[in-house]
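Now for the letters of each chain:
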Amino acid sequence: MGQGKSQFSEDELQDYQDLTYFTKKEVLYAHQKFKSLAPEKVGHNKNAKLPMSKILQYPELSVNPFGQRICKIFSSSQDGDCTFEDFLDMMSVFSQTAPKSVKAEHAFRIFDFDGDDMLGVSDLKQVILKLTGENKLNESEMSWLIQNILEEADLDDDGALSFAEFEHVIDRSSDFLRAKAKSLKLVAKASFDQILFFMFHFLYPLS
Ligand SMILES: [Ca+2]
Ligand SMILES: [Ca+2]
């Protein structure tokens, strides 16, 4: 056995390549990242399940206020703990090559805190709290903001955003894209559909 021999067979790599937006080389790279979170454990079992607390040490997740939500969405056991396959799926969706529609579907699930397939007032509130931090907006500012988001994006006036309504907003071309806004200061000046657009690109930063 040569040093640095892959833990994967050619067939396994082919399967992962077929099931993700990654090349075999990128699959191996993702595995290196996964292994670096728990070298011993993953060295023994390449698809070991790591606790969410370990997964959250991955740098991109540790700085993301939606880190826990992201882990839970991709966790096959739904508790945030992730196997390599869960982790690979996560990295694949967040990669440059994943289509926007796939990113939108996952963003919607990440933002749908109560899992009822709609972004309702309480989901929007939690999303905004995560983006702004607690206590930045008072109650009336918060409800004003949410009402205005709904006024612009809730096309059928049922008080919540369906996936279609959410996707419609993030598909709209926007000056916001060109502004490459990365800061919430700019959000203050943005229109309300741009805030939704920002929510999306907060998860998938513009490159
Ligand atoms: Ca919901
Ligand atoms: Ca609606």
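Predicted model only: the values in this text are computed from it and were never measured.

## As for the UniProt feature "domain: EF-hand" (unreviewed entry) in the protein chain
Under the feature "domain: EF-hand" (unreviewed entry), the UniProt entry names residues 99-134 and 146-176. Helix and strand shares over residues 99-134 are 67% and 0% respectively, and the end C-alpha atoms of the span are 32 Å apart.

## Some remarks on the side chain of Asp123
Relative to the elements of secondary structure, Asp123 occurs in helix α9 (residues 121-132). Arg69 is the oppositely charged side chain nearest to the buried, salt-bridge-free Asp123, at an N-O distance of 7.0 Å. The contacts of Asp123, once residues within four sequence positions are left out, are Phe111, Asp112, Phe113, Asp114, Asp116 and Met118.

## Thoughts on the coordination of the calcium ion (ligand 2)
Those protein atoms acting as donors to the calcium ion (ligand 2) are Asp154 (OD), Asp156 (OD), Asp158 (OD), Ala160 (O), Glu165 (OE) and Glu165 (OE), and they sit at 2.3 to 2.6 Å. One way to put it: the 6 donor atoms around the calcium ion (ligand 2) meet at angles of 53 to 154 degrees, and that makes the site irregular. Within one chain, the residues donating to the calcium ion (ligand 2) are spaced in sequence as D-x1-D-x1-D-x1-A-x4-E. Using a relative accessible area of 10% as the deciding quantity, one classes Ala160 as buried.

## Here we look at a negative patch on the surface
A contiguous patch of negative charge on the surface is contributed by Glu151, Glu152, Asp156, Asp157 and Asp158. By secondary structure assignment, the location of Glu151 is in helix α10 (residues 139-153).

## Let's talk about α9
Between its first and last C-alpha atoms α9 spans 16 Å; for 12 residues at 1.5 Å apiece the expected length is 16 Å, and the two agree. Restricting attention to buried positions, one finds in α9 the residues Asp123, Leu124, Val127, Ile128 and Leu131. The buried residues of α9 occupy an angular sector of 130 degrees when the element is viewed end-on, so they sit on one face. Downstream of α9 by a residue or two, Gly133 has a phi angle that is positive, lying close to 90 degrees.

## Topic: the nonpolar core
By size, the foremost hydrophobic cluster in this structure holds 57 residues, and its most contacted members are Ile55, Phe66, Phe84 and Phe111. Among residues more than four places away in sequence, those in contact with Phe66 are Ile110, Phe111, Phe113, Val127, Lys130, Leu131, Phe202 and Leu203.

## Some details on the pattern of salt bridges
Here the structure, examined in full by the defined rule, presents 3 salt bridges. Taking the shortest distance from any N to any O, the salt bridge between Lys24 and Glu10 comes out at 2.7 Å. Residue Lys24 is located in helix α2 (residues 24-37), and its partner Glu10 is located in helix α1 (residues 10-19); the two are separated by 14 residues in the primary sequence. Lys24 gets classed as partly exposed once you look at its relative accessible area, which sits at 21%. Put simply, Glu12 and Lys46 hold a salt bridge, and the shortest N to O gap is 3.2 Å.

## Some points on the coordination of the calcium ion (ligand 1)
Only Asp112 (OD), Asp114 (OD), Asp116 (OD), Met118 (O) and Asp123 (OD) from the protein coordinate the calcium ion (ligand 1), and they sit 2.1 to 2.2 Å from it. Mapping the donors of the calcium ion (ligand 1) onto the primary sequence gives the spacing D-x1-D-x1-D-x1-M-x4-D.

## Re the packing of α2 against helix α7 (residues 84-93)
As a packed pair, α2 and α7 sit with axes 10 Å apart at the nearest point and diverge in direction by 120 degrees. As far as their axial angle goes, α7 and α2 are oblique. Between α2 and α7 the crossing geometry is right-handed. Judged by residue contacts, Val27, Ala30, His31, Lys33, Phe34 and Leu37 of α2 engage Phe84, Phe87, Leu88 and Met91 from α7. Tallied by class, the residues present in the contact of α2 with α7 amount to 8 nonpolar, 1 polar and 1 charged.

## Some details on the packing of aromatic side chains
On inspection of all chains with the given rule, the structure shows 12 aromatic pairs. For the pair Phe34 and Phe87, a centre-to-centre distance of 5.3 Å together with 45 degrees between the ring planes defines the contact as tilted. Here Phe34 is found in helix α2, whereas its partner Phe87 is found in helix α7, with 53 residues between them in sequence. Owing to a relative accessible area of 0%, Phe34 belongs among the buried residues under this scheme. Clustering of aromatic rings is evident, with ring pairs tying together Phe8, Tyr16, Phe34, Tyr58, Phe84 and Phe87. Directly above the aromatic system of Phe113 lies the positively charged group of Arg69, at a separation of 4.7 Å from the ring centroid.

Conventions we followed
- Residues numbered from 1 in each chain as written.
- Chains lettered and ligands numbered in written order.
- Predicted model: local features only at pLDDT ≥ 70, side-chain atom pairs only at ≥ 80, totals over all residues.
- Heavy atoms only, no water.
- UniProt positions renumbered as here; feature names shortened; annotations may be inferred.
- Helix = DSSP H or I, 4+ residues; strand = E, 2+ residues; numbered from the N terminus.
- Buried < 20%, exposed > 50% of the residue type's maximum accessible area, 1.4 Å probe, protein only.
- Lys, Arg positive; Asp, Glu negative; His and termini not counted.
- Salt bridge = Lys/Arg side-chain N within 4 Å of Asp/Glu carboxyl O.
- Contact = heavy atoms within 4.5 Å.
- Donors = N, O, S within 2.8 Å, 3.2 Å for Na, K, Ca; no water.
- Tetrahedral: all angles 85-135°; square planar, octahedral: opposite > 155°, others 65-115°.
- Patch = residues over 30% accessible without salt bridge, like charges linked within 9 Å, V, L, I, M, F, W, Y side chains within 5 Å.
- Areas by Shrake-Rupley, 256 points an atom, 1.4 Å probe, with all protein chains shown as cover.
- Charge placed at Lys NZ, Arg CZ, Asp CG, Glu CD.
- Expected span 1.5 Å × (residues − 1).
- Arc of directions from axis to C-beta.
- Core = buried A, V, L, I, M, F, W, Y, C linked by side-chain atoms within 4.5 Å.
- Axes fitted to C-alpha atoms, helices over the stretch in contact; angles between N-to-C directions.
- Parallel < 35°, antiparallel > 145°, perpendicular 65-115°, else oblique.
- Left-handed = near helix turned anticlockwise from the far one by under 90°.
- Nonpolar A, V, L, I, M, F, W, Y, C, P; charged D, E, K, R; others polar.
- Phe/Tyr/Trp six-rings, centres within 6.5 Å; stacked < 30°, edge-to-face > 60°.
- Lys NZ or Arg CZ within 6 Å of the ring centre and 35° of its normal.

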